[in-house]
Amino acid sequence: MDPKLLKILKQELDVRNEDIYKISGPLDLTFLMKLYGMDGMDAYRQKPYQPQPVPGMNETEDIFTQIRKGDILLHHPYMTFEPVVQFVKQAAVDPDVLAIKQTLYRVSGNSPIVRALAQAAENGKQVSVLVELKARFDEENNINWAKMLEKAGCHVIYGLLGLKTHSKITLVVRREEDGIRRYVHLGTGNYNDSTAKQYTDCGIMTCSEPIGEDATAVFNMLSGYSEPKHWNRLVLAPLWMRDRFLYLIRREMQHAKNGLPARIIAKMNSLCDKEIIAALYEASAAGGAD
């Protein structure tokens, strides 16, 4: 660092010499992502991984027919994210689709999903979108998307006061021969077709009626209409998720103590909840955790 710049920072931030740490090399290594994305030098790059097709899915049947045959599990980035994009795209142009409701946390710069939502509204479908304005570093981008969706005729919800809406849910309401059917996509990752090629996430596409009812209840809560008296399958944070995890951990711990098969397999970004950590330690001491 230039000594003059360092002097200014020391004065303005009131930093002492003993609080300054010098490292040999760049401080912010994220610049390497931009360097890697530059044109040229292809011979020095690893060949990009091509996500594989989702087993059991095909391109001849529409997405709703395939979901009706059975729940579809998605595992990104190993499996392609394209079925999720097609789910929204087909819903936008399907004359039997009455409504699309979706939560958006982070999307790509030129998102096909956002464009499909706007098209659906222009096609006369009821479209409700929750755009989370507390998506760190993406606040401005999300505001721009929200304005565009509003212009297209979508009902945009700007999150709940005091809470960050981090759930990833898409609900499609469709009119069929035997009545109204609800199709749902639930995922652990954002509706971002770019980062879905990098980050490891799971998703499920289903037309299960209990899950459809729960998804409807979630959007009713987010839009401020009502809260259901009971839930079928979904567990929401911060209301009940911790209690549910604690119950499951203690159940396996009790199984272990009783000599029954017991196992806990957990996948997460980070773990910082003290009560959950303590419960996992206790379960491990009982022989019930890997």
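Residues numbered from 1 in each chain as written. Predicted model: local features only at pLDDT ≥ 70, side-chain atom pairs only at ≥ 80, totals over all residues. Heavy atoms only, no water.

## Quick look at the sheet that holds strand β7 (residues 201-206)
In sheet architecture, strand pairing relies on hydrogen bonds along the backbone and comes in two forms, parallel and antiparallel.
(1) Moving on: Pairing is mixed across the open sheet formed by 7 strands, whose spatial order is β1-β7-β6-β5-β2-β3-β4. Among the strands making up the open sheet, the edge pair consists of β1 (72-76) and β4 (155-157). Taken over all neighbouring pairs, the strand axes of this sheet differ in orientation by 10° on average, direction set aside.
(2) Moving on: Note: strand β2 (residues 97-104) against strand β5 (residues 168-176), 5 bridges, orientation antiparallel. Among the inter-strand pairings, V97 is bridged to a residue of β5, identified as R174.
(3) Moving on: Running at roughly 75° to strand β6 (residues 179-187), helix α7 (residues 209-222) makes contact with β2, β3 (126-131), β4, β5, β6 and β7 of the sheet. (Pairing = 2+ DSSP bridges. Helix = DSSP H or I, 4+ residues; strand = E, 2+ residues; numbered from the N terminus. Axes fitted to C-alpha atoms, helices over the stretch in contact; angles between N-to-C directions. Contact = heavy atoms within 4.5 Å.)

## Focus: the packing of helix α4 (residues 82-93) against helix α5 (residues 112-122)
(1) Moving on: As a packed pair, α4 and α5 sit with axes 8 Å apart at the nearest point and diverge in direction by 15°. Classed by the angle they form, the pair α4 and α5 counts as roughly parallel. Helix-helix and strand crossings are classified by hand; for α4 and α5 the assignment is left-handed. Contact residues: α4 offers V85, V88, K89, A92 and V93, while α5 offers P112, I113, A116, L117, Q119 and A120.
(2) Moving on: Here the contact of α4 with α5 is built from residues that sort into 9 nonpolar, 1 polar and 1 charged. (Parallel < 35°, antiparallel > 145°, perpendicular 65-115°, else oblique. Left-handed = near helix turned anticlockwise from the far one by under 90°. Nonpolar A, V, L, I, M, F, W, Y, C, P; charged D, E, K, R; others polar.)

## Points about the pattern of salt bridges
(1) Moving on: Throughout the structure, instances matching the rule amount to 13 salt bridges.
(2) Moving on: Its salt-bridge partner being R16, residue D19 comes within 3.3 Å of it at the nearest N-O pair.
(3) Moving on: Between E252 and R251 there is a salt bridge; the shortest N-O distance is 3.2 Å.
(4) Moving on: You can call E252 buried: its relative accessible area is 11%.
(5) Moving on: Residue class for R251 comes out partly exposed when judged on its relative accessible area of 36%.
(6) Moving on: Taken together, the shared-partner salt bridges in this structure form one network comprising R68, D94, R174, E176, D178 and R181. (Salt bridge = Lys/Arg side-chain N within 4 Å of Asp/Glu carboxyl O. Buried < 20%, exposed > 50% of the residue type's maximum accessible area, 1.4 Å probe, protein only.)

## Some points on the nonpolar core
(1) Moving on: Ranked by size, the top nonpolar core spans 41 residues in total, and within it F64, I67, F87, L104, L117, L149 and V172 carry the most contacts.
(2) Moving on: Those residues in contact with L104, other than ones at most four positions away along the chain, are V114, L117, V129, L130, V131, E132, L149 and Y191.
(3) Moving on: Counting residues in hydrophobic clusters, the runner-up holds 18 residues, among them L130, I169, F219 and M221. (Core = buried A, V, L, I, M, F, W, Y, C linked by side-chain atoms within 4.5 Å.)

## Describing the packing of aromatic side chains
(1) Moving on: On inspection of all chains with the given rule, the structure shows 3 aromatic pairs.
(2) Moving on: With centroids separated by 5.8 Å and ring planes inclined at 55°, the aromatic side chains of W231 and W240 adopt a geometry described as tilted.
(3) Moving on: For W231, a relative accessible area of 18% corresponds to the buried category.
(4) Moving on: On the basis of relative accessibility, which here comes to 31%, the residue W240 falls in the partly exposed class.
(5) Moving on: The structure contains a cluster of three or more aromatic residues connected by ring pairs, namely F64, F87 and Y183.
(6) Moving on: Directly above the ring of Y36 sits R45, whose terminal nitrogen or CZ lies 5.2 Å from the centroid.
(7) Moving on: Above the face of the Y105 ring, K168 is positioned so that its terminal group lies 4.9 Å from the ring centre. (Phe/Tyr/Trp six-rings, centres within 6.5 Å; stacked < 30°, edge-to-face > 60°. Lys NZ or Arg CZ within 6 Å of the ring centre and 35° of its normal.)

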